[in-house]
Amino acid sequence: MAISANINIKNKRASFEYHLLDKYVAGICLLGTEIKSIREGKANINDSFCSFFEDGLYIRNMHIAEYSFGSFYNHEAKRDRQLLLSKKELKKLKEKGEEKGFTIVPLRIFINERGYAKVEIALAQGKKDFDKRETIKERESKRELDRAMKR
């Protein structure tokens, strides 16, 4: 059985928009056609975020395209999906997430060595505009330094 473990769907805007404090790896409750679409690489987490409901942590606005070979059993593209974490991690995230200025953002979706889809989430604090400009300056200076070293 060949499992494609090279799936790595990233949220590139997260590190630009937020200061990432703590990172966690969580499982996702998925339907059969959803995991098949993720294995094809047809998912998007750029606009998604995590929030708590009464029974756990959910990822919202994550778009998983409908499976091309699915029939009427196909899933809804932007439904809320529950994240699987331990009670200790959920309690810690809930306490920190309720503080002002903190949010929980997904960073990447990947397939682990056992073939399960996992999502890496981070407790994050929003950046101000001057922090974003500083990030752009650092990136530009690193790029120029790499060009100079290459010559």
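Everything below is about the structure printed above this text.
Being a predicted model, the structure only gives us computed values, none of them experimental.

Quick look at the nonpolar core now. Counting 26 residues, the largest nonpolar core has Leu-57, Leu-83, Leu-85, Leu-93, Ile-109, Val-119 and Ile-121 as its most contacted members. When residues of this core are traced back to their parent elements, those giving at least two are strand E2 (18-28), helix H2 (32-39), strand E5 (56-60), helix H3 (87-97), strand E8 (102-111) and strand E9 (117-126). Other than its neighbours up to four places away in sequence, Ile-109 contacts Ile-7, Asn-8, Ile-9, Ile-38, Ala-43, Ile-45, Met-62, Lys-118 and Val-119. If you look at the next biggest cluster of nonpolar residues, it comprises 5 residues, including Ala-14, Val-105, Leu-107 and Ala-122.

By the burial criterion, the buried members of H2 are Thr-33, Glu-34, Ile-35, Ser-37 and Ile-38. Buried-residue contacts for H2 involve strand E3 (43-44), strand E6 (63-64), strand E7 (81-84), E8 and E9.

Right, let's talk about the pattern of salt bridges for a bit. Tallied over the full model, the rule gives 9 salt bridges. Put simply, Asp-47 and Arg-13 hold a salt bridge, and the shortest N to O gap is 3.6 Å. Of the two residues, Asp-47 sits in the loop between E3 and strand E4 (49-53) while Arg-13 sits in helix H1 (residues 12-17), which places them 34 residues apart along the sequence. The partner of Arg-60 in a salt bridge is Asp-80, with the nearest N and O atoms 3.4 Å apart. With Arg-60 in strand E5 and Asp-80 in the loop between E6 and E7, the pair connects residues that are 20 residues apart, well separated along the chain. When its relative accessible area of 29% is taken as the criterion, Arg-60 is described as partly exposed. Taking relative accessible area as the criterion, Asp-80 reaches 29% and is therefore assigned partly exposed.

Below, the discussion takes up the environment of Lys-92. Tracing the sequence through the fold places Lys-92 in helix H3. Expressed as a C-alpha distance, the spacing of Lys-92 and Phe-52, which sit 40 residues apart in the sequence, is 12 Å. Here Lys-92 is in contact with Asp-22 and Tyr-24, once residues within four sequence places are set aside.

On to the pairing of E4. Remember that side chains alternate between the two faces of the sheet whenever the strand is regular. Both E4 and E5 contribute to a ladder of 5 bridges, which runs antiparallel. Across the sheet, the residue bridging to Phe-49 is Arg-60, located in E5. Following E4, the chain reverses through 2 residues before pairing antiparallel with E5.

Before going further, it helps to spend a moment on the environment of Leu-30. Along the chain, Leu-30 turns up in the loop between E2 and H2. Sequence-wise, Leu-30 and Leu-83 are 53 residues apart; in three dimensions their C-alpha atoms are separated by 9.6 Å. Residues contacting Leu-30, with those up to four places away along its chain left out, are Ile-35, Ile-38, Ile-64, Arg-79, Arg-81 and Ala-117.

For Arg-81, the location among the structural elements is in strand E7. Its relative accessible area of 0% is what places Arg-81 among the buried residues. Within the structure, the side chain of Arg-81 is placed 2.7 Å from the backbone oxygen of Arg-79, a separation counted as a polar contact. Non-local contacts of Arg-81, meaning those with residues more than four positions away in its chain, are made with Ile-28, Cys-29, Leu-30, Glu-34, Leu-57, Tyr-58, Ile-59, Met-62, Ile-64, His-75 and Glu-76.

Only one face of E7 is buried, namely the one carrying Arg-81 and Leu-83, since none of Gln-82 and Leu-84 on the opposite face is buried. As paired elements, E2 and E7 share 2 bridges and run antiparallel to each other. Considered in E7, the bridge of Ile-28 is made with Leu-83. Here 2 bridges tie E5 to E7, and the two strands are oriented antiparallel to one another. Note on E7: the bridge partner recorded for Ile-59 is Arg-81.

Thresholds applied
- Residues numbered from 1 in each chain as written.
- Predicted model: local features only at pLDDT ≥ 70, side-chain atom pairs only at ≥ 80, totals over all residues.
- Heavy atoms only, no water.
- Core = buried A, V, L, I, M, F, W, Y, C linked by side-chain atoms within 4.5 Å.
- Buried < 20%, exposed > 50% of the residue type's maximum accessible area, 1.4 Å probe, protein only.
- Helix = DSSP H or I, 4+ residues; strand = E, 2+ residues; numbered from the N terminus.
- Contact = heavy atoms within 4.5 Å.
- Salt bridge = Lys/Arg side-chain N within 4 Å of Asp/Glu carboxyl O.
- Pairing = 2+ DSSP bridges.
- Polar contact = N/O pair within 3.5 Å; in protein donor to acceptor, adjacent residues only side chain to side chain.

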